[in-house]
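These are the residues of each chain, in order.
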Amino acid sequence: MKCLEDRILKDGKCFPGGILKVDSFINHQMDPALMQIMAEELVRRFSSHDINKVITIEASGIAPAIMVGAILNVPVLFAKKAKPSTMQNMLVSEVYSFTKGRSYTVCVSAEYLTKEDNVLFIDDFLANGNAAKGILDLVNQAGATLKGMGFLIEKGFQEGGKYLRSMGVHVESLAIIDSLDDCKIKIRTQYD
Ligand code: 5GP
């Protein structure tokens, strides 16, 4: 998606270890107009699916997910990273965080993810696909159906996209980064 690609090139910052920071428009300060356009594009790309719930992981997935949910007019469920003491009947999975270098638990209430649900997972980044795998595990535990996974930015030099597509998951990414080598952002040209 050209406007996102241009914005990444203009305002994105590379950090050692293959980390892209987009704190000025996605991950800290947010650009709602861009977020809205990106959500509309994700909805368009998944328009062949019947979706009745959007799922994401706190915190950085919530902004794009709620925009997508608002357009689709469906509830948005975010997996929590800490087990709330008051939550009963929890579905729990383990996720390894690439950026933090450690594992954490993700959980949702079984009350809000059930076998009636056809879900679309939305997140800011796809890297090694660990967050996506954790969500897929929760969806499977609930007996729900995964309809697709949509990301704002995919790091094409990491394995998540290849893995999920090889599993037959419908994956859409609005911008694909081919390399962050030497702290230079190289974006794969995609034609919308
Ligand atoms: P994965 O689980 O696919 O390995 O990594 C995706 C998650 O890690 C995303 O939810 C995102 O929050 C974080 N992440 C992975 N790589 C990057 C990156 O280069 N920049 C930022 N800002 N977050 C990242």
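Going by the structure above, here's the rest.
What comes next concerns the included structure. (Residues numbered from 1 in each chain as written. Predicted model: local features only at pLDDT ≥ 70, side-chain atom pairs only at ≥ 80, totals over all residues. Heavy atoms only, no water.)

### A look at the site of the ligand
So, point 1. The environment of the ligand is formed by 17 residues, the closest being Leu 20, Ala 127, Gly 129, Ala 131 and Lys 155.
So, point 2. Taking Ser 60, its side chain carries an N or O atom lying 3.5 Å from an oxygen atom of the ligand.
So, point 3. Lys 155 places a side-chain nitrogen or oxygen 2.8 Å from an oxygen atom of the ligand.
So, point 4. Contact with the protein chains removes 88% of the 500 Å² of surface that the ligand exposes when unbound.
So, point 5. Secondary-structure elements contributing two or more residues to the shell around the ligand are strand E2 (19-21), strand E7 (118-126) and helix H4 (130-142).
So, point 6. For the shell around the ligand, the leading source of residues is E7, giving four residues. (Near = heavy atom within 4 Å. Polar contact = N/O pair within 3.5 Å; in protein donor to acceptor, adjacent residues only side chain to side chain. Areas by Shrake-Rupley, 256 points an atom, 1.4 Å probe, with all protein chains shown as cover. Helix = DSSP H or I, 4+ residues; strand = E, 2+ residues; numbered from the N terminus.)

### Digging into the environment of Val 68
So, point 1. Note on placement: Val 68 falls in helix H3 (residues 62-72).
So, point 2. Residues Val 68 and Glu 41, spaced 27 residues apart in sequence, show a C-alpha to C-alpha distance of 9.2 Å.
So, point 3. For Val 68, the contacting residues outside a window of four places in its chain are Ala 39, Leu 42, Val 43, Val 54, Leu 120 and Ile 122. (Contact = heavy atoms within 4.5 Å.)

### Some thoughts on the nonpolar core
So, point 1. Leu 4, Ile 8, Leu 20, Ile 26, Met 38 and Ile 153 are the most contacted members of the largest nonpolar core, which has 32 residues in total.
So, point 2. Take this core: its biggest share by element is six residues, from helix H2 (residues 32-45).
So, point 3. Dropping the residues within four chain positions of it, Ile 26 is found in contact with Leu 4, Met 35, Met 38, Asp 124, Leu 152 and Ile 153.
So, point 4. Among the nonpolar cores identified, the runner-up in size contains 28 residues, and Ala 79, Ile 135, Leu 136 and Phe 151 belong to it. (Core = buried A, V, L, I, M, F, W, Y, C linked by side-chain atoms within 4.5 Å. Buried < 20%, exposed > 50% of the residue type's maximum accessible area, 1.4 Å probe, protein only.)

### Overview of the pairing of strand E9 (residues 171-179)
So, point 1. Where burial is concerned, most of E9 is hidden: eight out of the nine residues are buried.
So, point 2. In this sheet, E9 lies alongside strand E8 (residues 145-155) in parallel orientation, the contact comprising six bridges. When the sheet's bridge partners are listed, Gly 150 is paired in E9 with Glu 172.
So, point 3. The handedness of the E8 to E9 crossover, carried by helix H5 (residues 160-166), is right-handed.
So, point 4. Across two bridges, the pairing between E9 and strand E10 (residues 186-187) is antiparallel. Within E10, the residue paired with Ile 177 across the bridge is Ile 187.
So, point 5. In this structure, the hairpin formed by E9 and E10 is closed by a connection of six residues, where Asp 182 is found at a positive phi of approximately 55°. (Pairing = 2+ DSSP bridges. Right-handed = clockwise from strand over helix to strand, strands pointing away.)

### Some details on the packing of H2 against H3
To characterise two packed helices, one gives the angle between the axes of the helices and the distance between these axes.
So, point 1. At their nearest, the axes of H2 and H3 sit 9 Å apart, and the two run at 60° to each other. As summarised for this structure, H2 and H3 are arranged oblique, according to the angle between their axes. For H2 against H3, the interelement crossing comes out right-handed. Contacts from Pro 32, Met 35, Gln 36, Ala 39, Glu 40, Leu 42 and Val 43 in H2 reach Ala 63, Pro 64, Met 67, Val 68, Ile 71 and Leu 72 in H3. (Axes fitted to C-alpha atoms, helices over the stretch in contact; angles between N-to-C directions. Parallel < 35°, antiparallel > 145°, perpendicular 65-115°, else oblique. Left-handed = near helix turned anticlockwise from the far one by under 90°.)

### Some points on the packing of aromatic side chains
So, point 1. Tallying each qualifying case throughout the model produces one aromatic pair.
So, point 2. Between Phe 121 and Phe 151, the ring centres sit 5.8 Å apart and the planes meet at 80°, which makes this aromatic pair edge-to-face. Taken together, the positions of Phe 121 in strand E7 and Phe 151 in strand E8 put the pair 30 residues apart, joining distant regions of the chain.
So, point 3. Residue classification places Phe 151 among the buried residues on the basis of a relative accessible area of 1%.
So, point 4. Lying across the ring of Tyr 104, Lys 81 places its NZ or CZ 4.9 Å from the centre.
So, point 5. The ring of Tyr 163 carries Lys 133 above its face, with NZ or CZ at 4.6 Å from the centroid. (Phe/Tyr/Trp six-rings, centres within 6.5 Å; stacked < 30°, edge-to-face > 60°. Lys NZ or Arg CZ within 6 Å of the ring centre and 35° of its normal.)

These figures come from the coordinates and say nothing about function on their own.
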